[in-house]
Amino acid sequence: MTILSAADAFSEDLGRIERASVTSDGRVGSVSAIVEAADRVRQTYGPAEVNTGVYCFSGDWVAEHIGNVAPAPSGERYLTALVATGADRGEDIAAMPIALADESMGVNTREQLAGVEAALRDRINCHWMANGVTIVDLATTYIDAGVAIGMDTVVLPNTMLSGNTNIGEECQIGPNSVIQDTHIGDRCRVLASFLEGAHVASDVSIGPYCHLRPDTSIANGVHLGNFVEVKNSHVGANTAAGHFCYLGDADIGAGANIGAGTVTCNFDGVEKHRTAVGDGAFIGSDTMLVAPVSVGRGAATGAGSVVTKDVPAGRRAVGVPARLIPNVE
């Protein structure tokens, strides 16, 4: 019989392996018994060799002796009692120590579950650091096993990366960011923001305090500043939304400027409707885009406008409700 054992510093609830006295030539004695925690006369603490619950038996031998296992003082019948049976008969009973002690950690309580999770988190974090990722604070960085991170990316404190998340090279993520099931390209910065189910291309700046919701696509070079929420929308390359706005069910072209306070009014109380903003359009501060509506390529809206009708390419609309005005040469 061979037992997989481990050196465990906190093993009060694990069975402890007892060995015969050290031999005259200094070798550790053979295994003589396993004493379960419930049956120890007194609790002992500190480092010990413990039973991990993994065994290798000779099939014929275990079949011959398992029926003779008597109840322990606790009333249970322990498979580990076969150790003493074999030792008393002079059989070969060995213990092979596991290479990594945390592989043998058991979970019987929520506290122990937290300990196992902490060990796994540390292993994942160290893996990414060994592969060229800088993690500033291991204790406050949470990375799921399925996450992938590119070389020379920096992960700052209080950051959680979970689900099917893929982050490119030379990014800066965090501090205080939560990213779930999201693809992020190279050279992106995500500061104190929440991204879920989004696709972010390269050279994008996000945050602080942005929220990218599912089915959002952000093209190269986009800037999303503080308190910007994007949902089920595409934002074209090099577009900027610098301050608090909501872009829901929208298709935003390339090179557009979305002013502070802009809202796509996408819900009429019954159904959702889409908003389209063309390339190079300028949306003034506090513009309400009442969907379904479009603002054409190179068009503009004045500050505080409520746009209820399409604005043609190159035209300007102002007012409540917005009306077209002549272009100034």
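Looking at an unreviewed UniProt entry, one finds the protein chain named Bifunctional protein GlmU and attributed to Geodia barretti. Reading the Cofactor (unreviewed entry) entry of the UniProt record for the protein chain gives the comment "Mg(2+)". For the record of the protein chain, the UniProt heading Subcellular location (unreviewed entry) holds the text "Cytoplasm".

Draft legend 1. A look at unusual backbone geometry. Across the junction of Gly 174 and Pro 175, the peptide omega takes the value 0°, indicating a cis bond. Among the secondary structure elements, Pro 175 is positioned in the loop between strand E12 (172–173) and strand E13 (178–180). Residue Pro 208 is bonded to the preceding Gly 207 through a cis peptide linkage, with omega at 10°. Of note, Pro 208 is situated in the loop between strand E18 (205–206) and strand E19 (211–212). Its identity as a non-glycine residue notwithstanding, Asn 158 has a phi of 60°, on the positive side. Tracing the backbone through its elements, the reader meets Asn 158 in the loop between strand E9 (154–155) and strand E10 (159–162). The backbone of Asp 286 sits at a positive phi, close to 60°, despite the residue not being glycine. Here Asp 286 is to be found in the loop between strand E28 (282–283) and strand E29 (288–290).

Draft legend 2. Representation of helix H3 (residues 110–130) within the structure. The first and last C-alpha atoms of H3 sit 30 Å apart over 21 residues, in line with the 30 Å expected at 1.5 Å per residue. The complete set of buried residues in H3 reads Ile 124, Asn 125 and Trp 128. For H3, the buried positions fall inside an angular range of 95° around the axis, keeping them on one side. Turned more than 90 degrees away from the buried face of H3 sit Glu 111 and Ala 130, all of them exposed.

Draft legend 3. Structural view of the nonpolar core. Grouped together as the largest cluster of nonpolar side chains are 47 residues, with contacts concentrated most on Ile 184, Val 200, Ile 206, Leu 212 and Leu 224. Of all the secondary-structure elements, those providing two or more residues to this core are H3, strand E17 (198–200), strand E21 (223–231), strand E23 (240–248), strand E24 (250–252) and strand E30 (293–295). Here Val 200 is in contact with His 183, Ile 184, Gly 185, Cys 188, Leu 195, Ile 206, Leu 212 and Ile 218, once residues within four sequence places are set aside. Grouped together as the second largest cluster of nonpolar side chains are 12 residues, Val 31, Trp 61, Val 69 and Leu 82 included.

Draft legend 4. Spotlight on the packing of aromatic side chains. What the rule picks out here adds up to 2 aromatic pairs. Each ring, one from Tyr 55 and one from Phe 57, has its centre 5.9 Å from the other, and the planes form 40°; the classification is tilted. For the pair Tyr 209 and Phe 227, a centre-to-centre distance of 5.1 Å together with 25° between the ring planes defines the contact as stacked. Of this pair, Tyr 209 sits in the loop between E18 and E19 while Phe 227 sits in strand E21, placing them 18 residues apart in sequence. The residue whose ring lies beneath Lys 272 is Phe 267, and the NZ or CZ to ring-centre distance is 5.7 Å.

Draft legend 5. Spotlight on the environment of Thr 140. Note on placement: Thr 140 falls in the loop between strand E6 (134–135) and strand E7 (141–143). Judged by relative accessible area, which is 18%, Thr 140 ranks as buried. The spacing of Thr 140 and Arg 121 is 19 residues in sequence and 10.0 Å in space, taken between C-alpha atoms. The contacts of Thr 140, once residues within four sequence positions are left out, are Pro 157, Asn 158 and Thr 159.

Draft legend 6. Fine view of the pattern of salt bridges. One pass over the full model with this rule turns up 9 salt bridges. Note that Glu 91 and Arg 89 form a salt bridge whose closest N and O atoms lie 3.5 Å from each other. Across the salt bridge formed by Lys 231 and Asp 249, the nearest N and O atoms sit 2.8 Å from each other. Remark: Asp 249 occurs in the loop between E23 and E24 and Lys 231 occurs in strand E21; sequence separation between them is 18 residues. Its relative accessible area of 12% is what places Lys 231 among the buried residues. Exposure remark for Asp 249: the relative accessible area of 5% places this residue in the buried category. What emerges from the salt-bridge pattern is a single network uniting Lys 231, Asp 249, Asp 251 and Arg 274.

Draft legend 7. Focus on helix H2 (residues 81–88). Within the sequence span of H2, burial applies to Leu 82, Val 83 and Gly 86. Looking straight down H2, one finds its buried side chains confined to an arc of 110°; they lie on one side. Note on H2: the residue one or two positions beyond its end, Gly 90, has a positive phi of about 75°.

Draft legend 8. Structural view of the side chain of Asp 249. Separated by 2.7 Å, the side chains of Asp 249 and Asn 232 make a polar contact. Discounting chain neighbours no more than four positions away, the residues touching Asp 249 are Lys 231, Asn 232, Ser 233, Asn 266, Lys 272, His 273, Arg 274 and Thr 275.

Draft legend 9. How the structure looks around the sheet that holds E30. Strand order in the open sheet formed by 9 strands is E8-E11-E14-E17-E20-E22-E24-E27-E30, with parallel pairing between adjacent strands. For this open sheet the edge positions go to strand E8 (148–149) and E30, each flanked by a neighbour on one side alone.

Definitions and limits used
Residues numbered from 1 in each chain as written. Predicted model: local features only at pLDDT ≥ 70, side-chain atom pairs only at ≥ 80, totals over all residues. Heavy atoms only, no water. UniProt positions renumbered as here; feature names shortened; annotations may be inferred. Helix = DSSP H or I, 4+ residues; strand = E, 2+ residues; numbered from the N terminus. Expected span 1.5 Å × (residues − 1). Buried < 20%, exposed > 50% of the residue type's maximum accessible area, 1.4 Å probe, protein only. Arc of directions from axis to C-beta. Core = buried A, V, L, I, M, F, W, Y, C linked by side-chain atoms within 4.5 Å. Contact = heavy atoms within 4.5 Å. Phe/Tyr/Trp six-rings, centres within 6.5 Å; stacked < 30°, edge-to-face > 60°. Lys NZ or Arg CZ within 6 Å of the ring centre and 35° of its normal. Salt bridge = Lys/Arg side-chain N within 4 Å of Asp/Glu carboxyl O. Polar contact = N/O pair within 3.5 Å; in protein donor to acceptor, adjacent residues only side chain to side chain. Pairing = 2+ DSSP bridges.

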